[in-house]
Amino acid sequence: MLSIILLFHQIDLASLTDKQILLQLRLPLVLCALMVGACLAVSSAFLQVMLKNPLADPGIIGISSGASLFAALYLLSGGWLGLTLSQYGLPLFSFIGAMLSTLLIYAIARRLVMVSASAVILAGIAISTLSGGIIAWLYFFSDAQSLRNLTFWLMGSLHQADLQLVLLSLPLVVMLLFYALRQARALNWLYLGRTEAQVAGLDVTRFYPRLLLTCALLVGIAVSLAGSVAFVGLLVPHLLRNLFGYDNRFILPASALCGALLMLLVLLVSKAFGGVAVPVSMLTATLGGPLFLYSVLKLGGR
């Protein structure tokens, strides 16, 4: 229903101009919101089980930070290096940053004896801290316009993706989400612990890297489409588990659906501000903060 409202509100299909608005503006916005919300929520649902941390999200292990660092490098060094700022340059750099940060996290975690929850968290904190420090130095040496561009990107925006970029990402998102949903039973075995999961037939040594790669791809796509979006991944699976339990055969598809709906709600609220481009993270934190507080204080104590 939200999608229909956003797509066809004040649209006259008999008008050629309105058809262009529908195809070039409304449709990419709605598809982008659906994909970003689903990707962030499902990736966080994975991480919260894998890291045994109900507050885990892509930011805690440095995937979002790596993507933000590469986006900052692209935005702030374009003028210095004479780079041509094409419409696909920023999404591509963000995606590369997410993937490289994940590979680095995995390599560091392997050096800490094995790829365990604590090793991944420690490696992620290190990458996130290092990325934040480099971004701070880039802020220090950049001009005012570059700083403005980076600030708005770091706060998130659904208006950056065009129809071609969204349609290019859609098949990969569908395949990744389908793969993620098929891992629900195996993800349930991780609740038993590493040893018990192996006894149940799960090859944990191979499963952890596959989970990390899936999360990296999902987050990389989300960040490349909408920038850095806060709170969606943290809130949705955490709230669902407090409400409905811990069975990932329900939590994973519910997270994808609720994450997508939350981003559509954010998009609907942003339309109330007219032509003002309200950063997505401002809205997600404002809408999600009270829900998360309710989840912690009321549902978490049950």
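Structure first, text after, so check above.
Throughout what follows, the structure given in this document is the object of discussion. Within each chain, residues carry numbers counting from 1 in the order of the written sequence. Totals for whole chains, interfaces and linings use all residues, but because this is a predicted model, local features are given only for residues with pLDDT of at least 70 and pairs of side-chain atoms are given and counted only at 80 or more. With hydrogens and water stripped out, all remaining heavy atoms of the structure feed into the side-chain values.

With 23 residues, helix α10 (residues 204-226) extends 32 Å from end C-alpha to end C-alpha; this agrees with the ideal 33 Å at 1.5 Å per step. Per-residue accessibility, obtained with a 1.4 Å probe over protein chains only, is compared with the maximum for each type, and a residue is labelled buried under 20%, exposed over 50%, and partly exposed between these values. The way it works is that DSSP assigns letters per residue, a run of H or I at least four long becomes a helix, a run of E at least two long becomes a strand, and they are numbered from the N terminus. Counting buried residues along α10, 18 of its 23 residues qualify, which places the element largely inside the surrounding structure. Where α10 terminates, the next one or two residues include G227, which has phi positive at roughly 75 degrees. Given a helix with a known number of residues, its expected span is that number minus one, times 1.5 Å.

This part takes up the pattern of salt bridges. The term salt bridge refers to a side-chain nitrogen of Lys or Arg lying within 4 Å of a carboxyl oxygen of Asp or Glu. If you walk through the whole model with that rule in mind, you get two salt bridges. Of the charged contacts in the structure, one is a salt bridge between D203 and R206, with a shortest N-O distance of 3.6 Å. According to the relative accessible area criterion, D203 is partly exposed, its value standing at 37%.

Residues V36, L51, L158 and L190 are the most contacted members of the largest nonpolar core, which totals 92 residues. When residues in this core are grouped by element, the largest group, 17 residues, is from helix α2 (residues 16-50). Here, nonpolar core means buried Ala, Val, Leu, Ile, Met, Phe, Trp, Tyr and Cys residues that are tied together by side-chain atoms lying within 4.5 Å of each other.

Moving on, we come to the side chain of S44. Mapped onto the secondary structure, S44 falls in helix α2. With relative accessibility at 0%, the residue S44 sits in the buried group. There is a polar contact of 3.2 Å between the side chain of S44 and the backbone oxygen of G233. Once you skip the residues sitting within four places of it in the chain, S44 turns out to touch A56, D57, P58, G233, L234 and P237. N or O atoms closer than or at 3.5 Å make up a polar contact, with two conditions inside protein: a donor-capable atom paired with an acceptor-capable one, and, for residues adjacent in sequence, both atoms drawn from side chains. Only heavy atoms matter for contacts: two residues are in contact if any of them lie within 4.5 Å across the pair.

This paragraph deals with the environment of A119. In this structure, A119 sits in helix α5 (residues 117-140). Among the residues examined, A119 registers a relative accessible area of 4% and is labelled buried. Counting along the chain gives 13 residues from A119 to Y106, while the straight-line C-alpha distance between them is 8.8 Å.

A pair of packed helices is characterised by two quantities: the angle between their axes and the separation of those axes. A fitted line through C-alpha atoms represents every axis, and for helices the fit uses only the stretch in contact; the resulting angles, taken between N-to-C directions, go from 0 to 180 degrees. Running from N to C, helix α4 (residues 89-111) and α10 point in directions that differ by 155 degrees, and their axes come no closer than 8 Å. In terms of axis orientation, α4 runs roughly antiparallel to α10. You can see that α4 and α10 cross each other, and the crossing is right-handed. On the side of α4, the interface is formed by P91, S94, F95, A98, M99, T102 and Y106, while α10 contributes P209, L212, L213, A216, L217, G220, I221, V223 and S224. Residues belonging to the contact of α4 with α10 are distributed by class as follows: twelve nonpolar, four polar and no charged. Each angle is binned into one of four classes, with values under 35 degrees roughly parallel, values over 145 roughly antiparallel, values of 65 to 115 roughly perpendicular, and all other values oblique. A crossing counts as left-handed when the near helix is turned anticlockwise from the far one by less than a right angle, and as right-handed when that turn is clockwise. Any residue that is not Ala, Val, Leu, Ile, Met, Phe, Trp, Tyr, Cys, Pro, Asp, Glu, Lys or Arg is counted as polar, Gly included; the first ten are nonpolar and the last four charged.

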